[in-house]
Amino acid sequence: MSKPRKPDWVIEKERARREAKDATVWLFGLHAVRDALLNPRREALRLVVTRNAADRLGDALAEGPEPEIADARRFPAPLDPGSVHQGAALEARPLDWGKLSDHSDPSGAPRLVLLDRVTDPHNVGAILRSAEVLGARAVIAPHRHSAPETGALAKTASGALERQPYLRVPNLGDAMLQLQQAGWTCVGLDGEADAALGAAARDLADRPVALVMGAEGPGLRARTRELCDRMARVEAAGAFGSLNVSNAAAVALYAFGAGA
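Reading guide: rules and limits
Residues numbered from 1 in each chain as written. Predicted model: local features only at pLDDT ≥ 70, side-chain atom pairs only at ≥ 80, totals over all residues. Heavy atoms only, no water. Helix = DSSP H or I, 4+ residues; strand = E, 2+ residues; numbered from the N terminus. Buried < 20%, exposed > 50% of the residue type's maximum accessible area, 1.4 Å probe, protein only. Polar contact = N/O pair within 3.5 Å; in protein donor to acceptor, adjacent residues only side chain to side chain. Contact = heavy atoms within 4.5 Å. Core = buried A, V, L, I, M, F, W, Y, C linked by side-chain atoms within 4.5 Å. Pairing = 2+ DSSP bridges. Right-handed = clockwise from strand over helix to strand, strands pointing away. Salt bridge = Lys/Arg side-chain N within 4 Å of Asp/Glu carboxyl O. 1 Å grid on protein atoms, 1.4 Å probe; cavity = no way out; pocket = protein on both sides within 12 Å on 5 of 7 lines; lining within 4 Å. Points joined across faces, edges and corners; volume = space filled by probe spheres on them. Nonpolar A, V, L, I, M, F, W, Y, C, P; charged D, E, K, R; others polar.

1. Some points on the side chain of glutamine 164
Alright, step 1. Along the polypeptide, glutamine 164 turns up in the loop between helix H5 (151-157) and strand S7 (166-169).
Alright, step 2. Judged by relative accessible area, glutamine 164 falls into the buried class, the value being 1%.
Alright, step 3. Reaching out from glutamine 164, the side chain makes a polar contact with the side chain of glutamate 132 at a distance of 3.1 Å.
Alright, step 4. Each residue touching glutamine 164, except ones within four places of it in the same chain, is listed here: Trp97, Leu128, Ala131, Glu132, Ala136, Arg137, Ala138 and Val139.

Spelled out as structure tokens, the structure:
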């Protein structure tokens, strides 16, 4: 026997609840909250802090909504159990970094990082941090099968989420084609590639380069790999040659001189 269909008003109410939930993000941790409060692009809605965290945030509190002082033992922010919030949580709107075309000017031989189905927020947060430190133009991922902006991602990024553009595009392959038409070279990273990373970096030193990284395990998807102009591998000193994707991204950005 089939289940009865929900009334339209129930369906609409559930849809509205889902959209409202997706419309905001809870950031937590002192670094993530402080940098979000100081970011003029970030719309802050609700700030929950312990007295100790309020003291540590200092002047940054003046940039956000009136803080709610909370007891650390009964912290009221709706965070996942086990979140290391350090007594600070901020509800805010997700950042809008604009369109791909806003970050695809090839002049100056810049660097981009493209992520193909990298879904772990800790990996993406670490990549954003490396991208910011090493001077990448932006980090780009598809809307689906990628890590959304979350508190865990922001905490791992340690403030870089507020400064390093993180764009999620409808289709990664189409984004690669758009970049190539604008003059970018897409370099895919793969442990089995024939070319070494250092050699590829020397060959493309004066070119705008988009480094394309795949998820650990499956790596790059077939279409993503086909669209890459070149493939390269991180050279290993010994027989064990596997790196975490966030570590590989940092090595690749450094090799390609993103911060030069």
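2. Remarks on the nonpolar core
Alright, step 1. Leu115, Leu128 and Phe256 are the most contacted members of the largest nonpolar core, which has 51 residues in total.
Alright, step 2. Ignoring any residue separated from it by four or fewer positions in sequence, one finds leucine 115 in contact with Val124, Ile127, Val139, Ile140, Ala141, Pro142, Leu172 and Met213.
Alright, step 3. Core analysis: the second largest hydrophobic core is formed by 20 residues, Leu112, Ala175, Ala210 and Leu220 among them.

3. Describing the pairing of strand S8 (residues 185-189)
Alright, step 1. Judged by how many residues are buried, S8 sits mostly within the fold: five of five residues are covered.
Alright, step 2. Burial of the side chains of S8 extends over both faces: Thr185, Val187 and Leu189 are buried on one face and Cys186 and Gly188 on the other.
Alright, step 3. Pairing of S8 with strand S9 (residues 209-214) involves four bridges; the strand directions are parallel. By the bridge assignment for S9, cysteine 186 is matched with alanine 210.
Alright, step 4. In this fold, S8 hands off to helix H7 (residues 197-203), which returns the chain to S9; that crossover is right-handed.
Alright, step 5. The pairing of S8 with strand S10 (residues 230-232) spans three bridges and is classified as parallel. Paired with leucine 189 across the bridge in S10 is alanine 232.

4. Concerning the pattern of salt bridges
Alright, step 1. Counted under the stated rule, the structure contains 12 salt bridges.
Alright, step 2. One salt bridge in this structure joins aspartate 116 and arginine 221, with 2.7 Å as the shortest N-O distance. Taken together, the residues aspartate 116 in strand S5 (residues 111-116) and arginine 221 in the loop between S9 and helix H8 (222-227) connect sequence positions 105 residues apart.
Alright, step 3. Relative accessible area serves as the criterion here: at 0%, aspartate 116 is assigned to the buried category.

5. Here's the deal with the layout of surface pockets
Alright, step 1. In this structure, the largest pocket encloses a volume near 840 Å³.
Alright, step 2. Going through the elements one at a time, helix H1 (8-22), strand S1 (25-28), H5 and S7 are the ones with two or more residues in the lining of the largest pocket.
Alright, step 3. Considering each element in turn, the lining of the largest pocket owes the most residues, four residues, to S7.
Alright, step 4. Within the lining of the largest pocket, the residues separate by chemical class into 16 nonpolar, six polar and seven charged.

6. Section: the environment of arginine 221
Alright, step 1. According to the relative accessible area criterion, arginine 221 is partly exposed, its value standing at 32%.
Alright, step 2. Sequence-wise, arginine 221 and arginine 117 are 104 residues apart; in three dimensions their C-alpha atoms are separated by 8.6 Å.
Alright, step 3. Setting aside its immediate chain neighbours within four residues, arginine 221 contacts Asp116, Arg117 and Leu172.

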